[in-house]
Amino acid sequence: MLDAFSRVVEQSDRQGAYLSDDQINALSAIVGDSNKRLDVVNRLTSNASAITANAYRALVAEQPNVFGPGGACFHHRNQAACIRDLGFILRYVTYSVLTGDASTMDDRCLNGLRETYQALGTPGSTVASGIGKMKDAAIAIANDSNGITRGDCSNLISELASYFDRAAAAVA
């Protein structure tokens, strides 16, 4: 796993070049936004159980055929696995927000996930819908301006959304 700093240094080192002004400015922006990143990660981590449980409940209500008798996620074991997997995805989204990089999420969470769901007979679109529900909740929590570092967070919120979109696309 490379954080944004290590990735830039590695790229420059491969080229045998000094960091460019654009690279330095981009890294400076990451430092400037670090407290905001920590605020978002802390909020998502503190609310992880509610985010996943509420997404799961909404998913069951939206798609009862998948969770009812004869559905792919009918048994308690499958339902517990669904909640667990949503939690894993949320955890890796928080790692991505913290580092400003999705490579760990790609390598350790999303790689092969679609194939796993296909093998289990779980509709990827259902999982993607659950991820979308977590995204909506996470953005609402992250956008709450009470008790966090002040400033424009629109780029960070957009980045957060992109990690959920990436996860949803990986399973759909």
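Rules of the game
Residues numbered from 1 in each chain as written. Predicted model: local features only at pLDDT ≥ 70, side-chain atom pairs only at ≥ 80, totals over all residues. Heavy atoms only, no water. Phe/Tyr/Trp six-rings, centres within 6.5 Å; stacked < 30°, edge-to-face > 60°. Helix = DSSP H or I, 4+ residues; strand = E, 2+ residues; numbered from the N terminus. Buried < 20%, exposed > 50% of the residue type's maximum accessible area, 1.4 Å probe, protein only. Axes fitted to C-alpha atoms, helices over the stretch in contact; angles between N-to-C directions. Parallel < 35°, antiparallel > 145°, perpendicular 65-115°, else oblique. Contact = heavy atoms within 4.5 Å. UniProt positions renumbered as here; feature names shortened; annotations may be inferred. Patch = residues over 30% accessible without salt bridge, like charges linked within 9 Å, V, L, I, M, F, W, Y side chains within 5 Å. Areas by Shrake-Rupley, 256 points an atom, 1.4 Å probe, with all protein chains shown as cover. Salt bridge = Lys/Arg side-chain N within 4 Å of Asp/Glu carboxyl O.

Two measures describe an aromatic ring pair: the distance that separates the ring centres and the angle between the ring planes. By the definition in use, this model includes two aromatic pairs. With a centroid separation of 5.4 Å and an interplanar angle of 90°, the aromatic rings of Tyr56 and Phe67 are classed as edge-to-face. Placement of Tyr56 in helix H4 (residues 48-62) and of Phe67 in helix H5 (residues 64-67) is noted, with a sequence separation of eleven residues between them. The burial state of Tyr56 is the same as that of Phe67; both residues are buried. Taken together, a centroid distance of 5.0 Å and an interplanar angle of 80° make the contact between Tyr92 and Tyr95 edge-to-face. Of this pair, Tyr92 and Tyr95 both sit in helix H6 (residues 76-99), three residues apart, which is roughly one turn of that helix. Judged by relative accessible area, which is 12%, Tyr92 ranks as buried. Owing to a relative accessible area of 33%, Tyr95 belongs among the partly exposed residues under this scheme.

All right, on to the packing of helix H3 (residues 34-46) against H6 then. Viewed as axis vectors pointing N to C, H3 and H6 meet at an angle of 170°, and their least axial separation amounts to 9 Å. The orientation of H3 with respect to H6, classified from their angle, is roughly antiparallel. Two secondary-structure elements touch here, H3 through Arg37, Leu38, Val40, Val41, Leu44 and Thr45 and H6 through Thr94, Val97 and Leu98.

What UniProt calls "binding site: (2R,3E)-phycocyanobilin 1" (unreviewed entry) maps, in this numbering, to Asn35, Asp39 and Cys153. For this annotated set, covering 119 residues, all C-alpha atoms fall within 10.9 Å of each other, a compact arrangement in space. Checked against the element boundaries, Asn35 lands in helix H3. One can find Cys153 in the loop between helix H9 (124-143) and helix H10 (154-171).

What follows deals with a nonpolar patch on the surface. A surface patch of nonpolar side chains, about 230 Å² in accessible area, is lined by Val9, Leu19 and Ile24. Within the fold, Leu19 resides in the loop between helix H1 (4-15) and helix H2 (21-32). Judged by relative accessible area, Leu19 falls into the partly exposed class, the value being 33%.

In this section: the environment of Asp136. You can see Asp136 is positioned in helix H9. Among the residues examined, Asp136 registers a relative accessible area of 54% and is labelled exposed. Taking the C-alpha atoms as reference, Asp136 lies 26 Å from Ala4; in sequence the two are 132 residues apart.

It is worth spelling out the UniProt feature "binding site: (2R,3E)-phycocyanobilin 2" (unreviewed entry) in the protein chain at this point. According to UniProt, the "binding site: (2R,3E)-phycocyanobilin 2" (unreviewed entry) feature falls on Arg77 and Cys82. Among the secondary structure elements, Arg77 is positioned in helix H6. With relative accessibility at 65%, the residue Arg77 sits in the exposed group. Given a relative accessible area of 14%, Cys82 falls into the buried group. If near-sequence neighbours (up to four positions away) are discounted, Cys82 is found in contact with Tyr56 and Phe67.

Applying the stated criterion to the full structure yields eight salt bridges. A salt bridge links Arg37 to Glu159, with the shortest nitrogen-to-oxygen separation between them at 2.8 Å. Highlighted residues: Arg37 in helix H3 and Glu159 in helix H10, separated in sequence by 122 residues. Glu159 matches Arg37 in its accessibility class, with the two residues each being buried. Between Arg84 and Asp85 there is a salt bridge, with the nearest N and O atoms lying 2.9 Å from each other.

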